[in-house]
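# Fold and contact review
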Amino acid sequence: MFFIEVIFAFFITISFAILFNVRGKLIIYSGIGGAISWLFYLLFTKEGYSYSTCYLLATAITAFYSEIVAKRLQTTVPTLLIAALIPMAPGGGVYYTMLYLIQNKYQDSILKGMETSIIAGSMALGIILVTTFFRIFHLTKR
Amino acid sequence: MQNKQLITEHRVLQLATFAGKIVLTSGGEVYRVEDIIARIGQHFNLKIDCFATLTCIIVSGKNIDDEVVSLVERISSRSTNLDKIHQVHKLINEIEKYSFSELKKSLENINKISPYSFGMNFIASALGAASFVVSFKGGPNDFAAAFVAGCGVALFSYIISGLQLNSFFINLISGAICAFISNLFYVNGIITTPSISTISSLMLLVPGVAFINSIRDIIAGDLVSGTSRAMEVLMIGGAIAIGAGLVTKLFFNFGGF
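How each quantity is defined
- Residues numbered from 1 in each chain as written.
- Chains lettered and ligands numbered in written order.
- Predicted model: local features only at pLDDT ≥ 70, side-chain atom pairs only at ≥ 80, totals over all residues.
- Helix = DSSP H or I, 4+ residues; strand = E, 2+ residues; numbered from the N terminus.
- Buried ≥ 20, exposed ≤ 12 C-beta atoms within 10 Å, placed from the backbone.
- Pairing = 2+ DSSP bridges.
- Contact = placed C-beta atoms within 7 Å.
- pLDDT = per-residue confidence, 0-100.

This brings us to the overall build of chain A. Along chain A, the regular secondary structure elements total 6 helices and 0 strands. Its helices and strands in sequence order give chain A the pattern α-α-α-α-α-α, from N to C terminus. A principal-axis box enclosing the C-alpha atoms of chain A has dimensions of 55 × 35 × 30 Å. Taken over 142 residues, chain A has a buried fraction of 55%.

Attention now goes to the pairing of strand S2 (residues 56–62) of chain B. All names here are of chain B. Side chains Ile57, Val59 and Gly61 of S2 all project onto a buried face; the interleaved residues Cys56, Ile58, Ser60 and Lys62 project onto a face where none is buried. Of the pairings in the sheet, the one linking strand S1 (residues 47–52) to S2 comprises 6 bridges and is antiparallel in character. Within S2, the residue paired with alanine 52 across the bridge is isoleucine 57. Once S1 ends, the chain turns through 3 residues before running back antiparallel as S2. Bridging between S2 and strand S3 (residues 68–74) involves 7 bridges; their strand directions are antiparallel. Considered in S3, the bridge of serine 60 is made with serine 70. Hairpin geometry of S2 and S3 is characterised by an intervening segment of 5 residues between the two adjacent antiparallel strands and by a positive phi of about 65° at aspartate 66.

A few words on helix H9 (residues 195–202) of chain B. Structurally, the α-helix is built with 3.6 residues per turn, so residues lying three or four positions apart point the same way. H9(B) sits mainly inside the fold: 8 of its 8 residues count as buried. Of all the residues in H9(B), the buried ones are Ser195(B), Ile196(B), Ser197(B), Thr198(B), Ile199(B), Ser200(B), Ser201(B) and Leu202(B). The secondary structure elements touched by the buried residues of H9(B) are helix H5 (91–102) of chain A together with helix H6 (118–135), helix H7 (140–160), helix H8 (167–187) and helix H11 (223–254) of chain B.

Overall, the prediction assigns chain B a mean pLDDT of 88, with 96% of residues at 70 or greater. For this predicted complex, the interface score ipTM comes out at 0.88, while the overall pTM is 0.90.

What follows concerns the environment of Gly139(B). One can find Gly139(B) in the loop between H6 and H7. Separated by 58 residues in the primary sequence, Gly139(B) and Ser197(B) place their C-alpha atoms 10.0 Å from one another.

Turning next to unusual backbone geometry. Residue and element names in this part refer to chain B. In this model, asparagine 45 sits at a positive phi of 60°, which is unusual for a non-glycine residue. In this structure, asparagine 45 sits in the loop between helix H3 (30–43) and S1. Judged by the 13 C-beta atoms lying within 10 Å of it, asparagine 45 falls in the partly exposed class. Unlike most non-glycine residues, lysine 137 shows phi in positive territory, near 60°. Of note, lysine 137 is situated in the loop between H6 and H7. Judged by C-beta crowding, with 10 C-beta atoms within 10 Å, lysine 137 ranks as exposed.

Shown next as structure tokens:
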């Protein structure tokens, strides 16, 4: 089941790369990024880390991969990163926040909404950490 | 060098703004737009100051004789075409190799790149939505439902694309279509819960581009564009939740649950 999920994360990312009009071999590299993101997310969840830590670390690793590959292929980081992070997007959180709201379960809804914003926040933090790291790296190399 | 002096300032300014406009309308970050415009100006010995937001590019250049030329370019519609950004980035990295007319010609060629055909988009959204079912641990029936919902979203966005409606309304209706198809499958007893296929197809509408661009703009110090992108993320997220919620509520009340 573990590897099936990773393989399907690869297909998810490829589909989204096509929806975002990425072309050529970049689609495959983006798909590998998506597989990496979901693989590490599953690994960290299995280790029993809290969900915010899982999202933070998995996003940071994916962003790291995108920065390195983008440098090698002479492309922009978002071209690879946007599709690669889609498997971890908190769409489920948005849906359940809304579902509990219309079932009049306000407390559950607020909890889910909180969880969704924490997930989005930790993904943002993961990207910020890696991007800043690479910026410092490029500055010192010059 | 002689050739360079013949190029007047306003033509350089127009070329730089054209390159910036391609990146901005294809879903690039605002700091990248400003960077590209400045670099093209630098290459042709013109100091350009640029202020770009999501809807407008304001450029002004100063030549050796202290004469000022300026240009305002309005951006009316934006889409996502990451391939164009990739091509422009590649071009700007090797800007030393190009003369003015070559650069202009290659930028025009990049601008002509068409997005994927409708068939390709259709297959991609159906497969993308269906593949998400696996990561939410759904069965083959959920897979079928998400596949149909993905087709529905792709068809709707194709039909609506000519009308130039606002993104809030489009996302609202798309979210409603996802929930409607999933609940239809549920009412007919094909799937045991409408949640899995609804979430899977809603993923097609998640504002990934806006989210990542907003973060990257804020890191680069462009707070104005960063916060307006963040607003866009919240608005799209709200729209898909409201759309899906409306339909689910209707099914709760009248669907015989």
